[in-house]
Amino acid sequence: MIMHKKTRTWFVTVQSSNLKPIRGALVPRLRHPRSYDLDDVLQHVCHEKNSGLQPENIRHAVGLFLREIEEMLLEGSIVNLPFGRLVPTVNGIWGVDRRYDPGVREQNQATVKYAISPRLQQRLDDNILLQETAAGTRFFVFSVEDRTNGADSGCLTPGGLVFVSGSQLLMNGDLPERGIYLLRADTLDVALHLTPDKFAICTRSRIAFQLPADMPPGLYRLKVVSQCSTSPRPLKKAREYLWPGELRIIENEE
């Protein structure tokens, strides 16, 4: 099987800055689809990576690792990791004539700066698509995941269960054009239209559906058509959102 490199999509809005030096200037803001804590990361390692390690063993090892890095930073040492370089540093005012002034000393702080590693920067350059969305727009798709083939593969399996995560995906209203579309990547012709009654899950943030078992292999784009809005009342006119990433439907081996 030919592996298909998945392109992640970051959604960027342009907003007017409130900071005094650049007040009124347009600055980019990245929309974060979710926030992970250590428990979330460990759960992913245990359940999705098939490591074979017990969760409590992983937690203990990671705890030791993080505490050791913390101690190295507290002693003022530089720590180089695969995802970047952590450098202890200081900021503030260090002029000799005012060095011990209480107001000046309050500004002198120890901190840690992070510099992204060349490897991670290269992966960002190769795998990240920056998609601009209008400020205030909440209707879009964060990710498309195939629970049969693997969430990070970028491929869809005929007959598999697909999860679409995003915002304002609820299929309230009654317009017939609502639903999920798969378009041929080269022509954007409609190859499949799944109406809301075919969905296994349909909420404001998630849609789950089963891909037809006879879906032809190839490259596709995903489009969502919805009447959902910020209020319980559906829009009178449906909106459509074309996900910028490409999806590859693989050959069904059965």
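Just so it is clear, the structure is predicted and the values come from calculations on it, not from any experiment. (Residues numbered from 1 in each chain as written. Predicted model: local features only at pLDDT ≥ 70, side-chain atom pairs only at ≥ 80, totals over all residues. Heavy atoms only, no water.)

**Quick look at the overall build of the protein chain**
Okay, so step 1: If you tally the helices and strands in the protein chain, you get four helices and 16 strands.
Okay, so step 2: For the protein chain, with 254 residues in total, the buried portion stands at 32%.
Okay, so step 3: Restricting to contacts in the protein chain with at least 6 residues of sequence separation, those with at least 24 account for 61%.
Okay, so step 4: Accessible area of the protein chain: about 16,400 Å², with a carbon and sulfur share of 53%. (Helix = DSSP H or I, 4+ residues; strand = E, 2+ residues; numbered from the N terminus. Buried < 20%, exposed > 50% of the residue type's maximum accessible area, 1.4 Å probe, protein only. Contact = heavy atoms within 4.5 Å. Areas by Shrake-Rupley, 256 points an atom, 1.4 Å probe, with all protein chains shown as cover.)

**Remarks on the pattern of salt bridges**
Okay, so step 1: Applying the stated criterion across every chain, the model contains four salt bridges.
Okay, so step 2: Between Asp39 and Arg59 there is a salt bridge, with the nearest N and O atoms lying 2.4 Å from each other. Taken together, the residues Asp39 in helix α1 (residues 38-48) and Arg59 in helix α2 (residues 55-74) connect sequence positions 20 residues apart.
Okay, so step 3: Between Lys223 and Glu240 there is a salt bridge, with the nearest N and O atoms lying 3.6 Å from each other. With Lys223 in strand β14 (residues 218-226) and Glu240 in strand β15 (residues 239-242), the pair connects residues that are 17 residues apart, well separated along the chain. (Salt bridge = Lys/Arg side-chain N within 4 Å of Asp/Glu carboxyl O.)

**Details of the pairing of β14**
Where a strand is regular, its side chains alternate between the two sheet faces.
Okay, so step 1: Counting buried residues in β14 gives seven out of nine residues, a clear majority hidden from the surface.
Okay, so step 2: One ladder, built from six bridges, connects strand β10 (residues 179-184) with β14; its direction is antiparallel. Directly across from Leu182, in β14, lies its bridge partner Leu222.
Okay, so step 3: When β14 meets strand β16 (residues 247-249), the two strands line up antiparallel, connected through three bridges. Looking at β16, one finds that Tyr220 is bridged to Leu247.
Okay, so step 4: Sheet analysis places β14 next to β15, joined by four bridges and oriented antiparallel. Bridge pairing links Val225 to Glu240 in β15. (Pairing = 2+ DSSP bridges.)

**Details of the environment of Cys46**
Okay, so step 1: Inspection of the secondary structure puts Cys46 in helix α1.
Okay, so step 2: A relative accessible area of 18% places Cys46 in the buried class.
Okay, so step 3: Once the C-alpha coordinates of Cys46 and Glu56 are considered, the two residues, ten residues apart in sequence, prove to be 9.8 Å apart.
Okay, so step 4: Once residues within four sequence positions are removed from consideration, Cys46 is found in contact with Pro55 and Ile58.

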